[in-house]
Amino acid sequence: MEKELMRIGVSLPDTLLDKFDGIIESRGYSSRSEGVRDAIRTYISYYEWMNNIKGHRAGTITFIYDSTKRGLSNALTDIQHHYSHIIKSSVYIHLDNEACFEVVILKGESEEIAELAESLMALKGVKFSKLTTVDSNETIQDPSENMKITA
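Note that the structure is predicted; figures quoted are calculated from it, not measured.

Chemist: Explain the nonpolar core to me, using residue names and the numbers behind them.
Modeler: Counting residues in hydrophobic clusters, the biggest one holds 22 residues, and the most contacted among them are Ile-61, Phe-63, Leu-76, Leu-106, Leu-116 and Leu-131. Counting residues per element, the ones that place at least two in this core are helix 2 (32-50), strand 1 (56-66), helix 3 (72-82), strand 3 (99-109), helix 4 (110-121) and strand 4 (126-135). For this core, the leading source of residues is helix 4, giving four residues. Those residues in contact with Ile-61 that sit more than four places away from it in its chain are Glu-102, Val-103, Val-104, Leu-106, Ile-113, Leu-116, Ala-117, Leu-120, Ser-129, Lys-130 and Leu-131.

Shown next, in the form of structure tokens:
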């Protein structure tokens, strides 16, 4: 059964399109459309994963943003203040005159962590965002605790 294809138009900066075209070529895609379909499938899978994490989690949100984008720093601060009860720490560095790299360390309920991550990544001027979580109720045993040293 053949699926109906829909044609869409997308506006992209030249630099982003050039990088995308380079990846398409190096990965052996036959067309941009094939690469875009693959990228959209990956985006959908990530979104579904973010909305399916459950329970008490610890994690990080790593993102890169344009510090020269008007109002962006204030919006980032406002969002983080709203979720201050789950944010344990954050650190950022300047990558260059425009780009900042920030890591937010979290611990709390998965639904709130996902909301925070979605809120940050949706802001215009956030160029990259990645959420990583682990179950905060799992205990990881140090293997050295089981070692016996005899003389």
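Chemist: Could you give me a rundown of the sheet that holds strand 2 (residues 87-94), with the residues and numbers involved?
Modeler: Reading across from one edge, 2-3-1-4 is the order of the four strands in this open sheet, with antiparallel pairing throughout. Looking along the sheet, the strands with just one partner apiece sit at the ends: strand 2 and strand 4. Strand-to-strand, the axes of this sheet are offset by a mean angle of 10°, without reference to chain direction. The pairing of strand 1 with strand 3 spans eleven bridges and is antiparallel. Its bridge partner lying in strand 3, Ile-61 is registered against Val-104. On top of the sheet, helix 3 reaches strand 1, strand 2, strand 3 and strand 4; it is set at about 170° to strand 1, its chief contact.

Definitions and limits used
Residues numbered from 1 in each chain as written. Predicted model: local features only at pLDDT ≥ 70, side-chain atom pairs only at ≥ 80, totals over all residues. Heavy atoms only, no water. Core = buried A, V, L, I, M, F, W, Y, C linked by side-chain atoms within 4.5 Å. Buried < 20%, exposed > 50% of the residue type's maximum accessible area, 1.4 Å probe, protein only. Helix = DSSP H or I, 4+ residues; strand = E, 2+ residues; numbered from the N terminus. Contact = heavy atoms within 4.5 Å. Pairing = 2+ DSSP bridges. Axes fitted to C-alpha atoms, helices over the stretch in contact; angles between N-to-C directions.

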